[in-house]
Amino acid sequence: QNERSQILRGDEIAWPEADLETPFGRALAEWQQTADKLVARLRPLLPKPGELQYVRAREPIMASKYAPGSRYIRHYDNNCEDGSSIDCNGRRLTMVHYLNDIPLDSHGCHLRLAVSQGTFDVRPQRDHLALFWADRRTPHEVLRNDGEAARYALSCWYVDIQEAPQSPATRM
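My aim in this report is to walk through the structure given alongside it, one point at a time. (Residues numbered from 1 in each chain as written. Predicted model: local features only at pLDDT ≥ 70, side-chain atom pairs only at ≥ 80, totals over all residues. Heavy atoms only, no water.)

## Quick notes on the nonpolar core
- Residues Leu-28, Trp-31, Ala-35, Val-39, Leu-52, Val-55, Ile-61, Leu-93, Met-95, Leu-154, Cys-156 and Tyr-158 constitute the largest nonpolar core, which totals 12 residues.
- For this core, the secondary structure elements donating two or more residues are helix 2 (23-42), strand 5 (91-98) and strand 10 (151-160).
- For this core, the element with the highest residue contribution is helix 2, accounting for four residues.
- Among all residues touching Leu-28, those that are not within four sequence positions of it are Pro-16, Glu-17, Ala-18, Ile-61 and Leu-154.
- Judged by nonpolar contacts, the second largest core, of seven residues, contains Val-96, Leu-111, Ala-130 and Phe-132. (Core = buried A, V, L, I, M, F, W, Y, C linked by side-chain atoms within 4.5 Å. Buried < 20%, exposed > 50% of the residue type's maximum accessible area, 1.4 Å probe, protein only. Helix = DSSP H or I, 4+ residues; strand = E, 2+ residues; numbered from the N terminus. Contact = heavy atoms within 4.5 Å.)

In structure tokens:
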């Protein structure tokens, strides 16, 4: 990473394969299926009808590591307001699954969500899931990791195929 990218984001990332030939791959594939079912079950529960109607695809799972001292500045996962801008990438929902604990608030590495009601910090806890809007409704950042241990997570993005019909995301 160059110096500029370390200022913007300090995480290390990879895209693991859900290879059914390995125990890890099978576990990852099972996680994908469970996450997909959760998103499908949310469709009829949202107050705005049709909000997830065309969310029918998922980008590949990304694994991330935030080593001590790293962070990710405030950003959107989809720089889009209404689904019609050239900046729209189709991402509608962001899902983050934490793989380990950050034991103390003072260790940082929280996910900070900035919404109309204020800011909310989510402390990483093993097996907890954060699910939030990927577009301009939810600017977010990962606060600096001031602890001694790395923070690990799996993330994926659910895509509105009407907004981004050419997206390389996998259909659900």
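Let's pick the thread back up.
## What to know about unusual backbone geometry
- Unusually for a residue other than glycine, Cys-109 sits at a positive phi of about 65°.
- Within the fold, Cys-109 resides in the loop between strand 5 and strand 6 (111-115).
- In this structure Cys-109 comes out as buried when scored by relative accessible area, which is 0%.
- Even without a glycine there, the phi angle at Asp-127 is positive, about 65°.
- If you trace the backbone, Asp-127 turns up in the loop between strand 7 (118-122) and strand 8 (129-133).

## As for the pairing of strand 6
- Pairing of strand 6 with strand 7, which is carried by five bridges, proceeds in the antiparallel orientation. Residue pairing for strand 7: Leu-113 is matched across the bridge by Phe-120.
- Where strand 6 folds back on strand 7, the antiparallel hairpin that results is connected by two residues.
- Taken together, the three bridges between strand 6 and strand 9 (residues 140-142) define a ladder with antiparallel strand orientation. Bridge assignment links Leu-113 to a residue of strand 9, and that residue is His-140. (Pairing = 2+ DSSP bridges.)

## With respect to a nonpolar patch on the surface
- A cluster of nonpolar side chains, Leu-38, Leu-129 and Leu-131, forms an exposed patch at the surface whose accessible area comes to about 210 Å².
- Along the chain, Leu-131 turns up in strand 8. (Patch = residues over 30% accessible without salt bridge, like charges linked within 9 Å, V, L, I, M, F, W, Y side chains within 5 Å. Areas by Shrake-Rupley, 256 points an atom, 1.4 Å probe, with all protein chains shown as cover. Salt bridge = Lys/Arg side-chain N within 4 Å of Asp/Glu carboxyl O.)

## A look at the state of the cysteines
- Within the structure shown, the criterion is met by one disulfide.
- A disulfide bridge connects Cys-80 with Cys-88, and the sulfur atoms are separated by 1.9 Å. A torsion of 65° about the S-S bond marks the disulfide between Cys-80 and Cys-88 as right-handed.
- There is no disulfide at Cys-109, and the cysteine sulfur nearest it, in Cys-156, is 19 Å away. (Disulfide = S-S within 2.5 Å.)

## Some remarks on the pattern of salt bridges
- One pass over the full model with this rule turns up 15 salt bridges.
- Arg-58 is paired through a salt bridge with Asp-36; the nearest N and O atoms lie 2.9 Å apart. With Arg-58 in strand 2 (residues 55-58) and Asp-36 in helix 2, this residue pair connects regions lying 22 residues apart in the sequence.
- The buried category is assigned to Arg-58, whose relative accessible area is 7%.
- Here Glu-163 ties to Arg-92 by a salt bridge, and the two come within 2.7 Å at their closest N and O atoms. Linking Glu-163 in the loop between strand 10 and strand 11 (170-171) with Arg-92 in strand 5, this pair joins segments that are 71 residues apart in sequence. For the residue pair Glu-163 and Arg-92, the accessibility class agrees, reading buried in each case.
- One salt-bridge network, held together by shared partners, links Lys-48, Glu-51, Arg-92, Asp-135, Arg-137, Asp-160 and Glu-163.

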